[in-house]
Structure formats: C-alpha cells, structure tokens
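This is what each chain is made of:
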Amino acid sequence: MTQHRFAISPFRQALPDGHSPGVELAESKARLGQAQEHLLTTLRSIRQGIMIFGPDGQVHLCNARAVELLQLPAHFAEDAIDLSDVAAVLTATDVSLGADGQSASMRRGDGQVISIQLNRLTGGGKVLLVEDITAERRRDENLQLAESEYRSLFENAVCGIYRDKPDGTPVRANRALVNFNGYETEAEYNAAVKSNGGNWYVDSDRPRLFQHLMATQGEVRDLVSEVYSHRTRKRLWITENAWYVRDQSGNPIYTEGTIQDATERVQGLAEVEQHANTDQLTGAASRFHFMNALNAVTRDLRGTCVLFTIDLDKFKEVNDMLGHGAGDAVLNATARRLRTLAGPAATVARLGGDEFAVLMAGVSATMNADMIAADFVNAMRQPIEIEGHNTIIGASVGVALFPAHAADSTELLNHADLALYHAKTSGKSKACIFDHVMKNRLQQRKALEAELREAIPANTLELYYQPIVGTASAKVHGFEALMRWNHPRRGFLQPGQFLDVAEEAGLMTELGNWAIRRACRQTAALPAHIAVAVNVSPSQFRSSGIVDHVKQALADSGLEAGRLTLELTETVLLSSEAIAARVMDQLIDLGVKLALDDFGTGYSSLSYLQRFAFSRVKIDRSFVAGLETKPANTAIIRAIIRLAGDLGMDVVAEGIETEAQAALLRAEGCDFLQGYLFGRPKPYLDITADLAMSSLREILPSKPGLPLETHAQRRTVHNSL
C-alpha cells in the first residue's frame, strides 16, 4: 500500500543514491523539506483541485480539493491511483485522459458545475486541474437570460425605443419606432433619420428645448411635441422620454429614449378642454369658462366690467308644450342674438337651463350698461321661428358693474342675479341695474321666507271662502278656499304677498296640503249641499304624495269626496301629460272632482278638455271683464259654455262684479257664478254665520231678527275646526 495521496501526498521520488552525507546534503534536505512544506500549504489553500500524474500514469500529487470536487470514492484513499482510475470517474465528461490540452465541464448530481482541464507536463506526465465554476456559469446564464429578455422587450415593445450617439447618429431603433415612422426595416429608418437631420419637429424651436433639457437635467420626461412622420410627413403628436448612457467617467456615450404616439391623448385633451369651455348645445362659453373669465377681470385691480345675467321669460312653457327640440332652437337663437349684440370681445356664456350671462370688460358707464341691457331685452322680444311658427319668448336682464357694485367675482354675480330677480318680479321682459335697495328687499324677502316656514306650526295661516252661486237657484252652491296669512308684525297678507316666496322656497306643497286638510275639515261642518274648491299648485300636484294626502284629508275630516273640487291650471299639466293623467285618474277614483282653472288663457286648453277628465271649467276673469263692451268676449264665453256642455262639464265664471255681467252669463247658460257681486272672500266664521242666516230666512221668512250665534260662540266652533 502507498501513502494517502488525497490529503496531499508527498513526492514519490527519493534523493539520488550514492550521494555522500554531509552538510551539503543536510542543507539540500532542509531546502527540499521547506519547499515541500510550501507546496503542501499552497495546495491546501488554493480553490482549484490538482492531480499530477507521472509518465507511468501513477498519481504523484493530489490535493483534497480535487477529491472533493471530483467526488472520488472513498477506497481511492487507500489504493494506488493511476489515470485509468480517474478516467472511470470522468466518464460523464468530454475529457479523454489519454489526450492533451483538453477541457470540459461536468454538472454534478447536486447541481454544481465543475470545470476539468488536462495538460501535458514538460518531461512527461500530466496535470489535471479541477475547478468549481457554478457561480460563473450562473452569472453567464443570468446574463444571457437578461439579454434575451431585454432583446424581447426592445423588439416587441409597443412604444418606440432608440439609441443614438451623442451627435444624433442613430445606433438602434426597435420595430415599433420603425413602423411608427412608416418603414419596414431598421436600416431604412436609420437612413431616413440621417437624411432628415433635425427636420422631425413641427415646431422648429423644439430641438433646442430638447437639448436644453438634456444639458441641464440630463433627461427629458414626458415631453409632448408635434412631429412629422419621417416617411409620410403626416403630422402626429408624440410623448418623449430620454436619458444619457454614460461611461465610467460620467461622459455621455449614448442617448437612449422612448417615443409614444400621443395623438389620441392630445386630441382627447383638446376635446375635454373644448367641452369644459364651450356649451355643446349653443356654442356659447360654458359656466366654467365664464367663471374663469370673470375671476380674471375682477382680480385685476385696474379692471372694470359689466356683467349681464339673462333669463328667458317663457322658455319653460315652450319647452314643455312643443318639446325639447323647440327648446333647443330657442336657446340657440338666444345665444346667436346675444353674440351679435355683445360683439366678439365680450364673453357670452350659457350658465345652465335658460340662463345666460354676458361679460363685457372695460365697460363701466351706467348709461352704456343700461342701453346695452335694453338692447338685449328688445332683441329677445323679436319672434323666434320654431317649426314654421313665430314664437315670442322675451327675457329679463340683471346688470351689475365692477368695481362699483361689488368687490369680487362672487359678489358681482350675486348682485347681477339680484337685479335679474328684481326684473322678473317687476313684470318680466325688463332690465334692472343693481342698487343696494334691491339687496335690502332681498333680505326682507329672505326674512319673510323664514317666517313663512313657521306659519303653519304657529297657526297664523287662515282660509277665506268666496261663494259660488248657482245660476238657476241663485243660492250658494259652494265656496272657493283662498289662503290668507295673519302675519304677527306685517298684518293681514294677501296670497300675492307671500305665495311667490313660498314657491321659490319650495313651500307650496306644504302650504297646499295644509289648505286641503283645513278646507276638508271646515267644509265637513257645513250643510251637506255645500262644496268646496281648493287650488292646487304645479309643485304640489307633481309631488309624489298628492293622492295619498287627499285621501287622508277626506278620511280624517269625514267629508264626502264629491264635495271636494281641486282646481288645476294648465301649468300643472305641462311637464308630463302621462304623469298628470295617471294622478288625475287616481283622484277621480277617490270621487274627487277636478276643475280646469283660468280656461282660455293658456296654449292648449281645448286639447286638455279632450284629453283629461275634468268635471268643471272655470272661465277666466279676463273674458268676463270685457263682457259688456267686447262682443268677441261674449262669443268666446258662448263657445266655452256650449263646448263644456257637450263634454258633460259644468261651467263657472269668475270675476263677476256687475249685475249686467251676471245677466249675460245667465242668458248664455253658465252654470255657476263667482265674484264680488255675490260676495268677497270671508273668514270661516263669517260664512257659517251667512249660511245660518240664509237657512233661517228660508225657514222663518216672517220672523226676521231671530238671534243667531254670538261671535264668541262662533270663535269656539272655528277653533275646533
């Protein structure tokens, strides 16, 4: 057996025979031993495995690293080893131990990769070098994978990717960039870039901006530019990102970047901006654009302007009766007229619905503003052709000046709206310039609104009743209930003094429902032949609970449904005929009667008589007033009475003040009469007294002066009702 060679074997050769001992021999041995020790130390510490074979094929030297890396069997440690033994271990490699200068790699079962190299030694013998190259192999594989992924991303990216030299000479361009510019190959694209030079941007200053950003920031981020496609010269929008690739010294060696088609993005932003700044129906400025312009003017301490707010007077009627197409035609005509009168320097805006505004910067004289506002009003008095018919809409205008009337844009707009409100409440188709008296009136109106909200719980509202007399019997058939307000400070208020405030404040439904409840409860205590009529506002009629509320009021009061008539104006029916018909059918199913109020003053009264199941028609007082002097009024009333009779409806004429008017209506066959001639509206206590007196006269006609209820007794009855 030989010595163990895998723990680092000593050389097998001995010192030369016949060498005489002596100092020289001792020194040689010492030097040899020292060299051998150095060699053994080196072989132990190096990362490579080494095996040296002599000319005879025997292993002369083998370090532990070689045993470890080659995973040689344990019995090799006790037996003599030659090339054939090692060759058997290396059968998985391409290294033939009989050849020289060969190298190969071997992947062990545990995944480690071993590099093996065989070289011939001078003078005979061979050396086998073994090394663990797992890490190197993994780095190579990762590098190849990364390069493959990068190449795939580069070639298949949807955005254009390029690499140029610092002077702009193209180096690489991916398929997306090539195709974006209308070419098939990278070579075609590169040639086009060289020939076009800087003729890429539509804006000739864009290259300088690009270079400035690169020079000062070292990159370009999301730079949106308009460019020419290299081949087609089609104008496109792009988004660019670019950066430098630098060497170890920090010097740029390449410019790399991405290019994306931003045409749809830019067009989309332009459309969004256009939508934001322009009213899509009329082409006027939008509210957003108008407020920006108004803020800009009022922020300028030296700026002056006049603001006109315009509201159409009869737009809702046209829109509801003739449809949204007709309404759109009115809005377009309004915008055109305002633009023509205001001129190109003014901002004409549609704020929403039928509200418009005109902003004129630099106009400060009240006289000029007044004249311009009058022009707007006169222009809107001119007919607008809709579906072959001329329609007059009219408009109200409010005017406020900056800085005379306001300190900022918000206050200016509020004051112009306040002037507009004053114009509308003063009769419409007018123009009003803001003054502080209007502001005080508005404050008073707001206070009135707040007090009106407390009127029902405070029990300060009251119903007055005006008699309706039968033409044939000359007796009271019923009453129309009319609302009054006993204001604690302002005194007795008529409906015209507070109902418009209630309408604006959204209180009409609450007040109207209260009126129905009170009228039902008070009428139930009157003789059974007495009926009551209650007006229903458009907002009340359109509320979702009108039918349930009437049903509950009848149930709570015990009033027979046939004694209650609800009076509806044509305005109630304008918004949706289908909804109106459904609600009216439900009310009729309860047994309630319906009357068409103010007949003849609207647009489609005759058609409403045909479509809706009214039981009564009320002739408007405007026809009755001219009855004695205008033959046409008599003809109209005669036609209404005959038409209603043919449709099975009775007729009430209101506003009768003279006996002559009453006589004419009797002669024409009108069923019922109402007006000051027969009695003014009175409190409930007074009509109960009147009815009691009338009954006593019928029962005891020969005994006048019979005492009736005292006022205190009547007040007790009133409070219980």
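A. Spatial organisation of the overall build of the chain. The secondary structure content of the chain amounts to 25 helices and 27 strands. With an accessible surface of roughly 37600 Å², the chain has 52% of that area assigned to carbon and sulfur atoms.

B. How the structure looks around helix H1 (residues 23–45). Here H1 spans 33 Å end to end across 23 residues, near enough to the 33 Å set by a 1.5 Å rise per residue. On its buried side, H1 packs onto strand S1 (49–53) and strand S2 (59–62).

C. Structural view of the packing of aromatic side chains. Scanning the entire structure with this criterion turns up 7 aromatic pairs. Ring pairing ties together the aromatic residues Tyr 465, Phe 479 and Tyr 684, which thus form one cluster. Over the ring of Phe 672 we find Arg 616; its NZ or CZ atom is 5.1 Å from the centre of that ring.

D. Region of the structure containing helix H7 (residues 206–217). Relative to the 16 Å expected for 12 residues at 1.5 Å per residue, H7 spans 16 Å between its end C-alpha atoms, a close match to the ideal helical length. Along H7, the residues classified as buried are Arg 206, Phe 210, Leu 213 and Met 214. Along the axis of H7, the buried positions cluster into a sector of 95°, meaning they face one direction only. Those residues of H7 that are exposed and angled more than 90 degrees off the buried face are Arg 208 and Ala 215. Positive phi shows up at Gly 218, right after H7, with a value of about 75°.

E. Highlighting the sheet that holds strand S4 (residues 113–120). As summarised here, the arrangement of the 5 strands in space is S2-S1-S5-S4-S3, forming an open sheet in which the pairing is antiparallel. Pairing within the sheet leaves two strands with one partner each, and these edge strands are S2 and strand S3 (102–107). Put simply, the sheet's adjacent strands are angled 15° from each other on average, direction ignored. Two elements, S3 and S4, share 6 bridges in a ladder whose sense is antiparallel. Across the sheet, the residue bridging to Ser 105 is Ser 115, located in S4. Set on the sheet, helix H4 (residues 134–156) makes contact with S3, S4 and strand S5 (126–132); between it and S3 the angle comes to about 80°.

F. Just the packing of helix H9 (residues 287–299) against helix H13 (residues 409–425), in detail. Two elements in contact, H9 and H13, have axes separated by 9 Å at closest approach and are oriented at 115°. Between H9 and H13, the residues in contact are Arg 287, Phe 290, Met 291, Leu 294, Asn 295 and Thr 298 and Ser 409, Leu 412 and Leu 413, respectively. Residues belonging to the contact of H9 with H13 are distributed by class as follows: 5 nonpolar, 3 polar and 1 charged.

G. Region of interest: the sheet that holds strand S6 (residues 160–164). In spatial order, the strands read S7-S6-S10-S9-S8; together these 5 strands make up an open sheet with antiparallel pairing. Here the strands that pair on one side only, and so sit at the sheet edges, are strand S7 (170–173) and strand S8 (219–228). For this sheet the average axis-to-axis angle between neighbouring strands, irrespective of direction, equals 25°. In this sheet, strand S10 (residues 252–261) lies alongside S6 in antiparallel orientation, the contact comprising 5 bridges. Each bridged residue has a counterpart across the sheet, and for Tyr 162 the counterpart in S10 is Gly 257.

H. Structural context of the pairing of strand S11 (residues 305–312). The element S11 is largely enclosed, with a buried count of 8 among its 8 residues. Of the two faces of S11, the one lined by Cys 305, Leu 307, Thr 309 and Asp 311 and the one lined by Val 306, Phe 308, Ile 310 and Leu 312 are each fully buried. As paired strands, S11 and strand S16 (residues 395–402) are joined by 8 bridges and run antiparallel to one another. Bridging from a neighbouring strand, Leu 307 pairs with Ala 400 of S16. In this sheet, strand S13 (residues 355–361) lies alongside S11 in antiparallel orientation, the contact comprising 7 bridges. Note on S13: the bridge partner recorded for Leu 307 is Leu 359.

Scoring rules and cut-offs
- Residues numbered from 1 in each chain as written.
- Predicted model: local features only at pLDDT ≥ 70, side-chain atom pairs only at ≥ 80, totals over all residues.
- Heavy atoms only, no water.
- Helix = DSSP H or I, 4+ residues; strand = E, 2+ residues; numbered from the N terminus.
- Areas by Shrake-Rupley, 256 points an atom, 1.4 Å probe, with all protein chains shown as cover.
- Expected span 1.5 Å × (residues − 1).
- Contact = heavy atoms within 4.5 Å.
- Phe/Tyr/Trp six-rings, centres within 6.5 Å; stacked < 30°, edge-to-face > 60°.
- Lys NZ or Arg CZ within 6 Å of the ring centre and 35° of its normal.
- Buried < 20%, exposed > 50% of the residue type's maximum accessible area, 1.4 Å probe, protein only.
- Arc of directions from axis to C-beta.
- Pairing = 2+ DSSP bridges.
- Axes fitted to C-alpha atoms, helices over the stretch in contact; angles between N-to-C directions.
- Nonpolar A, V, L, I, M, F, W, Y, C, P; charged D, E, K, R; others polar.

Interpretation in functional terms is not warranted from these geometric data alone.
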